[in-house]
Amino acid sequence: MEAVNADEFTVEAVERALQQLYYDPDMDKKNVAQKWLTQAQASPQAWHFCWALLQPEKVPEIQFFGASTLHAKITRHWSDLPPGQLDSLRSQLITQVGQFASGPKMVLTRLCVALASLVLHILPETWPTAVPDLLCAFQTGESVTEADGQARCLALLELLTVLPEELQSIRILASRRSQLRSALAVDWSSVCSLLQQLLQRPDAPCPVRERVLRCVSSWLTLDISLKDSEGLLENCFALLKESELFDTAVETIVSIISQPDCQRFADSLLKVVPQVLALQEQLKKAVQDGDMETSHGVCRIAVALGETHCSSAPSFCPSQLPRTLLEQVDHWQGFQALVSMIMSCTGTPGHYPVDETSSSLTLTFWYTLQDDITSLDAERQTLYLQIYRPVYFQLVDVLLQKACFPRDEDHATWSADDKEQFRTYRVDISDTLMYVYELLGPELLRSLYDKLGTLLTDTTHPSSWQDIEALLFGFQSIADTVDVGYSDVIPGLIGLIPLITANNVQLAETIMFTIGSLAEWLSDHPLMLVSVLPVVLHGLSNPDLSVACVSALKRICRECRHDLPLHANDIMAVSQAVLVKDIHKSPQCLWIMQALGFLLSALPSDQILGKLLSLVTPHIQQLEKLANEPPSSANKLPIVHILGLLANLFSTFDLNKQSERLEVMRPVQTQPHNNNPVVVVLQQAFPLIHTLLNKWRNEPEVVEAVCAVFEKSLKTLLHDFAPLVTQLCELIGQMFSAYPQASVLDLTRQLVHIFGCEKDLFSPIIALLEMITNITMSIFQLGSRDHPDVVESFMQLHTQVLRRKSDLYLSDRLDVKAVFYCGEHQPSDTWNERCTINTCTISHNIHFVSTVCSMRCSPDAPAQTELISHCEDIPAVREVLQEDGKLLLQTLLEAIGGQSPRSLAEHLAEVLFSVSRNCPSMLSVWLREALLPPGFPSSHLTTEHKEHFCQQMLREQVSKRRMKDIVKEFASLSRGLQADY
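Residues numbered from 1 in each chain as written. Predicted model: local features only at pLDDT ≥ 70, side-chain atom pairs only at ≥ 80, totals over all residues. Heavy atoms only, no water.

Some words on the overall build of the chain
No. 1: Along the backbone of the chain there are 49 helices and 0 strands.
No. 2: Sorting the 981 residues of the chain into buried and exposed places 53% on the buried side.
No. 3: Of all intrachain contacts in the chain linking residues separated by at least 6 positions in sequence, the fraction that spans at least 24 positions is 73%.
No. 4: As presented, the chain carries roughly 43100 Å² of accessible surface, and 52% of it is formed by carbon and sulfur atoms. (Helix = DSSP H or I, 4+ residues; strand = E, 2+ residues; numbered from the N terminus. Buried < 20%, exposed > 50% of the residue type's maximum accessible area, 1.4 Å probe, protein only. Contact = heavy atoms within 4.5 Å. Areas by Shrake-Rupley, 256 points an atom, 1.4 Å probe, with all protein chains shown as cover.)

Remarks on the packing of helix α30 (residues 568-580) against helix α32 (residues 605-627)
No. 1: Where α30 contacts α32, the axes come no closer than 11 Å and their chain directions differ by 5°. Taken together, the axes of α30 and α32 are roughly parallel relative to one another. Listed contacts from α32 to Asn-569, Met-572, Gln-576 and Leu-579 of α30 are Lys-611, Ser-614, Leu-615 and His-619.
No. 2: Of the residues contributing to the contact of α30 with α32, the split by class is 3 nonpolar, 4 polar and 1 charged. (Axes fitted to C-alpha atoms, helices over the stretch in contact; angles between N-to-C directions. Parallel < 35°, antiparallel > 145°, perpendicular 65-115°, else oblique. Nonpolar A, V, L, I, M, F, W, Y, C, P; charged D, E, K, R; others polar.)

Here's the deal with the packing of aromatic side chains
No. 1: Tallying each qualifying case throughout the model produces 13 aromatic pairs.
No. 2: Their ring planes at 85° and their centres at 4.8 Å tell us that Tyr-367 and Tyr-435 sit as a pair that is edge-to-face. Of this pair, Tyr-367 sits in helix α19 (residues 363-374) while Tyr-435 sits in helix α22 (residues 416-440); the two residues are 68 residues apart in sequence, bridging distant segments of the chain.
No. 3: Here Tyr-367 falls in the partly exposed class, since its relative accessible area comes to 25%.
No. 4: By relative accessible area, which is 19% here, Tyr-435 ends up buried.
No. 5: Ring centres of Trp-414 and Phe-422 lie 5.5 Å apart, and the angle between their planes is 85°; on these two criteria the pair is classed as edge-to-face.
No. 6: One aromatic cluster is present, formed by Tyr-352, Phe-405, Trp-414, Phe-422, Tyr-425 and Trp-465 through successive ring pairs.
No. 7: A cation over an aromatic ring shows up here: Arg-90 above the ring of Trp-127, its NZ or CZ 4.6 Å from the ring centre. (Phe/Tyr/Trp six-rings, centres within 6.5 Å; stacked < 30°, edge-to-face > 60°. Lys NZ or Arg CZ within 6 Å of the ring centre and 35° of its normal.)

Notes on the nonpolar core
No. 1: In this structure, Leu-93, Ile-301, Trp-366, Phe-710, Phe-721 and Leu-728 are the most contacted members of the largest nonpolar core, which totals 264 residues.
No. 2: Core analysis: the second largest hydrophobic core is formed by 30 residues, Leu-889, Ile-896, Ala-905 and Leu-931 among them. (Core = buried A, V, L, I, M, F, W, Y, C linked by side-chain atoms within 4.5 Å.)

Digging into the environment of Phe-721
No. 1: Note that Phe-721 resides in the loop between α36 (700-717) and α37 (725-738).
No. 2: Residues Phe-721 and Asn-676 lie 45 residues apart in sequence; the distance between their C-alpha atoms is 8.2 Å.
No. 3: Ignoring any residue separated from it by four or fewer positions in sequence, one finds Phe-721 in contact with Val-679, Leu-682, Phe-710, Ser-713, Leu-714, Leu-728 and Phe-755.

What about unusual backbone geometry?
No. 1: With an omega of 0°, the peptide bond running from Gly-103 to Pro-104 counts as cis.
No. 2: Considering the arrangement of structural elements, one finds Pro-104 in the loop between α5 (86-99) and α6 (105-122).
No. 3: Cis geometry marks the peptide bond from Leu-123 to Pro-124; its omega dihedral reads -5°.
No. 4: Mapped onto the elements, Pro-124 comes out in the loop between α6 and α7 (130-138).
No. 5: Of note, Asp-223 is a non-glycine position whose phi angle comes to about 65°, a positive value.

Quick look at the pattern of salt bridges
No. 1: For the structure on display, the rule yields 29 salt bridges.
No. 2: For the salt bridge of Lys-105 with Glu-158, the shortest nitrogen-to-oxygen distance reads 3.6 Å. One end of the pair, Lys-105, is in helix α6; the other, Glu-158, is in helix α8 (residues 147-169), with 53 residues separating them in the sequence.
No. 3: Residue classification places Lys-105 among the partly exposed residues on the basis of a relative accessible area of 44%.
No. 4: Taking the relative accessible area as the measure of exposure, Glu-158 reaches 8% and is therefore buried.
No. 5: The salt bridge partner of Glu-701 is Lys-636, with a shortest N-O separation of 3.2 Å. Note that Glu-701 is positioned in helix α36 and Lys-636 in helix α33 (residues 633-651), a separation of 65 residues in sequence. (Salt bridge = Lys/Arg side-chain N within 4 Å of Asp/Glu carboxyl O.)

Re the environment of Glu-929
No. 1: Within the element layout of this structure, Glu-929 appears in helix α47 (residues 920-931).
No. 2: Accessibility expressed as a relative area gives 39% for Glu-929, which makes it partly exposed.
No. 3: Each C-alpha atom, one on Glu-929 and one on Lys-886, is 8.4 Å from the other, the two residues being 43 residues apart in sequence.

Focus: the confidence of the model for the chain
No. 1: Taken residue by residue, the chain gives an average pLDDT of 85. The fraction at 70 or more is 85%.
No. 2: Confidence over residues 1-6 falls short of pLDDT 50; this stretch has 14 contacts with residues more than four positions distant or in other chains.
No. 3: Ignoring residues within four places in sequence, the model shows residues 659-672, a span with pLDDT below 50, making 6 contacts including any to other chains. (pLDDT = per-residue confidence, 0-100.)

Some points on the side chain of Thr-716
No. 1: Positionally, Thr-716 belongs in helix α36.
No. 2: Here Ser-651 takes part through its backbone oxygen, which lies 3.0 Å from a polar atom of the side chain of Thr-716.
No. 3: If sequence neighbours within four positions are ignored, Thr-716 has contacts with Phe-650, Ser-651, Thr-652, Phe-653, Asp-654 and Asn-656. (Polar contact = N/O pair within 3.5 Å; in protein donor to acceptor, adjacent residues only side chain to side chain.)

Set out below in structure tokens:
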């Protein structure tokens, strides 16, 4: 379209471009129009054509663009405003808001945002009376029930609403934001008076009052105090009786009484308590009528009054609001009534989330109240505990009732989303019970045990499985996170479990999870294993209990491994049977192998290899069969699965743990595991893995699975893996040569980490490192943007080499300069593009360069301590810093001054800090040479900015934190902003 190529940004050209943007089906033309319109908004002519676009005869889309252009000019191009035009701009904007008071709504809102932006731009210096002037401009003598009067009233409320919102969204200096917030807060009394008048007028239409409520919520972001909102709060409570305004009134009330500094106004809080208690009848009726929205809203208000909000600290701090109410002795009954009201909200009848949605709102309050009680001095804490311990015992009963599953026939009708929400709700209840245990202690476990015993032994009153399950759920919630080893009821609980007839999946699952939660206790009481292990093994063949059963088995094998030799044959037999029959999904099969790894590594040494071979042989035979078949999508999944089984088995097969335990029991010198069973198995499997990779080496998932087998074995076996290092180096070289991928580099990094200092293995490791480096160099030369994961892992690998075995860099075949260059600068068009491709990759590259640069750093940094002794031994590293230090600095400055993610600032600062400490004299020259070109690294930087940055940089050689502040400030200046911290 010709218009989008016009040199003049005229009204006609803009309208044609908008026509093309909205209605042309060609996406390329739409994109061209969008780009041109953006340029039009940035042009000085926009101050003129925007008014023409707002003419009444224009369609709403064109009017909206005109209003948006005004906002863009005010917020981003204020310097373009012609001299002497401020008063005209202000009066025209006010006039336009009045003219569009009746709509269209989207144009009115955009104009209000533009006017709000103008106010914030010139308040308080140029227009100190902005808010009173606007109130006067839009108030008329007309009744708000009349069409024109109502429209102007709504327009004023829209303007007042967006004013604090615009303050929150604009990017300005923190001190300026604080100044504007204070300036607006001064006018709250005038705004509040208007809002109260509108709420109290009997003839005020519902839309007006609703907009008033939204306006109140917006102004509360200015930290309006509770004391200054008392009258409005009372008006809001009155509106709770009107169904059309109920939800908005709830939001506003919650916002008012949740202000961060409410605890400072105890008198105001006390006035709110009777108003909240007066809602109990409305709450009761809503529950009886099944009105979930109303009951939810009332509960929100009650909980908001009771919950804590602390504004004085940037992170979580002890609560104050409940204590403010708690310590008002003269109003004790009122606070007790509020606690009882919240308890009734917790116990709202019905099942969450199908029948009610209120009970979940209250859980945080109970945390808060408990924290307040336990933070009192000893004397008062004793008094309050006497009063509130019965309340918390009642709470436990209520929570367990709420955690009960519905009847089977009802549960079957629930949607998948309802079931998932109920599961999450039970997790929240579990966390609450664990927390309450800190207050009630062992007496809580005794109470649960007594109730469970009564349910299981009282034949006169048959109990439902839901009640039994809920009590077990309570035990599990506590035992999962709290040490219950001292409790005298656990043996009784273990004895009760076999008495439970688990003819329901949910009950059976909870039994399994409860057994798993007691695994640590069982490790101290191994004689009790005989009572619960058969229950777990029996359930292992039930696919419906897969997660719970396998989890319990894994926890038992991990915690009780040294007490399981007598049960090993049973565990092995059942586990192998379920693996062969494919009863469980892949993740659970992997857990089973982890459990068996714990078990096998704790057996007597003369039994381990035989049992290990009997376990893995069927899987290796199946893998061999698949390896000999032509590659296909059908074969890939079972291959990856079998390799995953082996990897997870080896990840927990740790003979070193067994040796440590033997040393504690019998302090003698243990012999190295020269014939580790895992090494024997892997040596036998090497030919098979070679065969497998010959056919699947270009398939990332298979290669990754093979690498996982060796990586997990390495992490577990540590130096016992030594006999396999040479073979593994050859295998890694073949994999990476055929198809470079990150998993191979990660495996190499693990190899260097463990064996980098072994002289006997230096030759294969350096040969592997050289080959990998050369291959990766070719990737960089071709362009690394398509391989961000390989680049990231490559940088991690060389960082590991520098830390672990820096003398590998003495090899003449390793091009240290090329490696350094890769870490310092990836081949790509712009830093922006590189950051967009993979921020994490750049982060690791910078970390690598930081490690290189810090070879002269203070020994107080653990990563650099080992490198200091090698600095003079590696001339190549020293030379590359001298030759390419300026290039490194230019790249860092480009990143800081460009649009790179601000999250990288700390990594960039670390590199600069290392350079500043180690090369101060060269840095002085590099800095001034790099910053000399005009517009580098940003056109927003002045000569004074650059000089100040240089001075700060060269002075800072002590505090890394200060260096980060310097970099952040420079980055903000480069974006045309001020440092906002």
